[in-house]
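Observations on chain architecture
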Amino acid sequence: MSADSKQPQPPDDRSADTADSTSLLLSNARLTDGRTVDVRLFGGRIEAVGTAGSLTAVGARVDLAGYLLLPAPAEPHAHADTALSADIPGPVSYAPDEVQRRATEAALLQRGHGATAQRAHVRIGDVHGLGPLEAVLQARRSLRGLVDLTTVAVPRLLTGVAGADGLAMLRDAVKMGASVVGGCPDLDPDPTGYVEAVLEVAAEQGCPVDLHTDADDPARLARFAAMAGGLRPGVTIGPCAGLSRLPPDAARRAADQLAAAGVTVVCLPQGGCEATELRGAAPARLLRAAGVRLAAGGGALRDVSNPVGRGDPLEAAYLLASLGGLPVEDAYAAVSSAARTALGLGEVRVEAGFPAELLAVRGERLSGVLSLAYSRIVVHRGRVVARTSAVREYCDSAAALDLPRQARPERPEPGSPPAGPVVRS
C-alpha cells in the first residue's frame, strides 16, 4: 500500500455544494497539536493549511491569535418543538407559528455554541398531528446556510388499535420531510412491537433510526440489539441513563450487545430530556470500553424537563470529562466527530479538502477550552456565522494581580469604580 493511500481522505459532504464561494483566511490559529497555522477556506471546504504567515488572504481575513481551532461540534439530540418553553405561563402552545419561532431561536442559540449541524426530535400525533413537525421543517428551510437541521419523527404509540394511526402518521412524516424515524418504545404498552414497527418503516424508507430509551431493562435492550443489528444506514439510541443503574455485570453485558450490533448511543451529560423519565447520564467509560459508538448531546433546552438546559456541546464535553471520567480528547470527540458520524455526516479535520465546519475558542489547550469556553467564533460552510466575545474586567486589582492588560475605556460611566486590568476569556 502506498503512503498516499494511508492518508485520511476528505468525505464527500454534499453540504459544501451550497457553501459560500468566497475565500476566507483564518490566520494565526492554534491547533490541538501545538502548531500555529493559517487556514484558507473556499467553497465550503478547507483549501489550504500552512504555517502562520505563509498563506495569502484572497478575500476576508480573521485573526485567530489566542484561539484554539477545532472541528465544529454537532448536536445529535435536541428537542426543537419543546425548546425554550419552560418560562411560558400556562399551557405551552404548539401552534405552528409558535413552534417555528422556538425551533428557530433554539437552533440559532445552539449554532452560537458551535453546533453547525443539529438533529431535532419532534413529537407527532395526539391532538397536534403533524403540525409541530411541519413548523420545524419550515424553520429548517429558513435556516438554510446558517445551520444544518434535520428532524426525527417521534410518534407516541405504534402498537394496538391506538397505534395504527401513529404508524400511518409516521409514514406521512417521512413523506413530509422527516429524515429519521424514532420514538420512545418505553412508553408503548408493547415496547418490542414498537421497535419492530419503527424498524419496518425505516427499512421501507431507507431512513436511519433514532430511539429514546432509558435502557433500564436488560432483556428488552438485548432484544432491541438483536433486532437492530442488521439495519442500515444505522440505529441510534439514547439517553440510556438507566444503564448506570444496572448491576455492573448486567451493564457490561448490555454494552457488549450494543457494540456487537453496531448501535450508536447518544448520552446526555446535562441530564434527561422531554421523552424520558430518568435523570442522570449513561456510563460513558463503560460504553467506550466495550467498543460502543458513543456520542453526546444536549437534550432539553430550557423546557419543563430541564428549565436550565443550555444545549451547549462544550458543556456536554466538559461534563463527560469532569464527571464521566473520559479523557479530554475523547470527551470532545463525543460532541464533534462521533456526533457528526451519528448524524451521517462526513468527518472534519483541520486539513486541506475537509469540510469548513470549524469552531475557534479562546484558549491554548483543549482542557482550558472546555473549562472556560466563553469567546467563540463559529464557521459553517466556509463563512463565519456566529461570534461570541466575552471580556472580564478585574476592578481595583492591578497591584495584586499581574494580568495581561488591554485598553481601558476612555470615558467610564459616572460613578463607576476605577477600572483594573481587562482580560478576554
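Before reading further, recall that the structure is shown in the block above.
Structural notes, computed from the coordinates. Note that the coordinates shown come from a computational prediction; the quantities given were computed from them, not determined experimentally. (Residues numbered from 1 in each chain as written. Predicted model: local features only at pLDDT ≥ 70, side-chain atom pairs only at ≥ 80, totals over all residues. Heavy atoms only, no water.)

End to end, helix α3 (residues 160-176) covers 24 Å across 17 residues, agreeing with the expected 24 Å (1.5 Å per residue, within 8%). Along α3, the residues that are buried comprise Gly163, Gly166, Leu167, Leu170, Ala173 and Val174. Projected down its long axis, α3 carries its buried residues within an arc of 120 degrees, all on one side. Residues of α3 that are exposed and point more than 90 degrees away from the buried face comprise Val161, Asp165 and Lys175. Where α3 is buried, its residues meet β7 (117-124), α2 (131-142), β8 (148-155), β9 (180-183) and α4 (191-205). Positive backbone phi, approximately 140 degrees, marks glycine 177, located one or two places after α3. (Helix = DSSP H or I, 4+ residues; strand = E, 2+ residues; numbered from the N terminus. Expected span 1.5 Å × (residues − 1). Buried < 20%, exposed > 50% of the residue type's maximum accessible area, 1.4 Å probe, protein only. Arc of directions from axis to C-beta. Contact = heavy atoms within 4.5 Å.)

A word on the sheet that holds strand β11 (residues 235-239). Strand order in the open sheet formed by 8 strands is β6-β7-β8-β9-β10-β11-β12-β13, and the pairing between neighbours is parallel. If you trace the sheet from one side to the other, it starts and ends with β6 (74-78) and β13 (293-296), each paired once. Across the sheet, the axes of successive neighbouring strands diverge by a mean angle of 25 degrees, strand direction being ignored. (Pairing = 2+ DSSP bridges. Axes fitted to C-alpha atoms, helices over the stretch in contact; angles between N-to-C directions.)

Attention now moves to helix α9 (residues 328-335). All buried positions along α9 are accounted for by Ala331, Tyr332, Ala334 and Val335. Down the axis of α9, the sector holding all buried residues measures 150 degrees, keeping them to one side.

This next bit is on the environment of valine 198. Relative to the helices and strands, valine 198 is located in helix α4. For valine 198, a relative accessible area of 0% gives the class buried. With 16 residues separating them along the chain, valine 198 and glycine 182 place their C-alpha atoms 6.7 Å apart. When near neighbours in sequence (up to four residues on either side) are disregarded, valine 198 contacts Leu158, Val181, Gly182, Val209 and Leu211.

The next point concerns the side chain of serine 375. Tracing the backbone shows serine 375 in the loop between α11 (366-371) and β15 (376-380). Residue classification places serine 375 among the buried positions, given a relative accessible area of 1%. Looking at serine 375, its side chain comes within polar contact range of the main-chain nitrogen of alanine 390, at 2.9 Å. (Polar contact = N/O pair within 3.5 Å; in protein donor to acceptor, adjacent residues only side chain to side chain.)

Across the 5 residues of strand β10 (residues 209-213), 5 count as buried, placing the element largely inside the fold. Alternating positions in β10 separate into two faces, Val209, Leu211 and Thr213 on one and Asp210 and His212 on the other, with burial throughout. Direction of pairing for β9 relative to β10: parallel, over a ladder of 3 bridges. Residue pairing in the sheet places glycine 183 in a bridge with leucine 211 of β10. Crossover handedness for the path β9 to α4 to β10: right-handed. Pairing between β10 and β11: 5 bridges, direction parallel. (Right-handed = clockwise from strand over helix to strand, strands pointing away.)

Residues Val181, Val209 and Ile237 are the most contacted members of the largest nonpolar core, which totals 81 residues. Top contributing element to this core by residue count: α4, with 7 residues. For valine 209, the residues in contact, after removing those within four places along its chain, are Val180, Val181, Val198, Leu199, Ala202, Leu231, Gly234, Val235 and Thr236. Ranked by size, the runner-up nonpolar core spans 19 residues in total, among them Leu64, Val348, Leu358 and Val379. (Core = buried A, V, L, I, M, F, W, Y, C linked by side-chain atoms within 4.5 Å.)

Between α4 and helix α5 (residues 218-228), whose axes approach to 11 Å, the crossing angle comes to 20 degrees. As the angle between them shows, α4 and α5 are arranged roughly parallel. Classified by chirality, the crossing of α5 by α4 is right-handed. On α5, the residues touching Pro191, Thr192, Val195, Glu196 and Leu199 of α4 are Arg220, Arg223, Phe224, Met227 and Ala228. Residue classes in the contact of α4 with α5 are distributed as 6 nonpolar, 1 polar and 3 charged. (Parallel < 35°, antiparallel > 145°, perpendicular 65-115°, else oblique. Left-handed = near helix turned anticlockwise from the far one by under 90°. Nonpolar A, V, L, I, M, F, W, Y, C, P; charged D, E, K, R; others polar.)

Let us now look at the pairing of β9. Side-chain alternation along β9 places Val180 and Gly182 on one buried face and Val181 and Gly183 on a second face that is also buried. Note that the unit made of β8, α3 and β9 has a crossover that is right-handed.

Quick look at the side chain of threonine 116 now. Position of threonine 116 among the secondary structure elements: in the loop between α1 (96-113) and β7. The exposure class assigned to threonine 116 is buried, which follows from its relative accessible area of 1%. Separated by 2.7 Å, the side chains of threonine 116 and glutamate 357 make a polar contact. When near neighbours in sequence (up to four residues on either side) are disregarded, threonine 116 contacts Ala72, Pro73, Val147, Asp148, Glu357, Val378, Val379 and His380.

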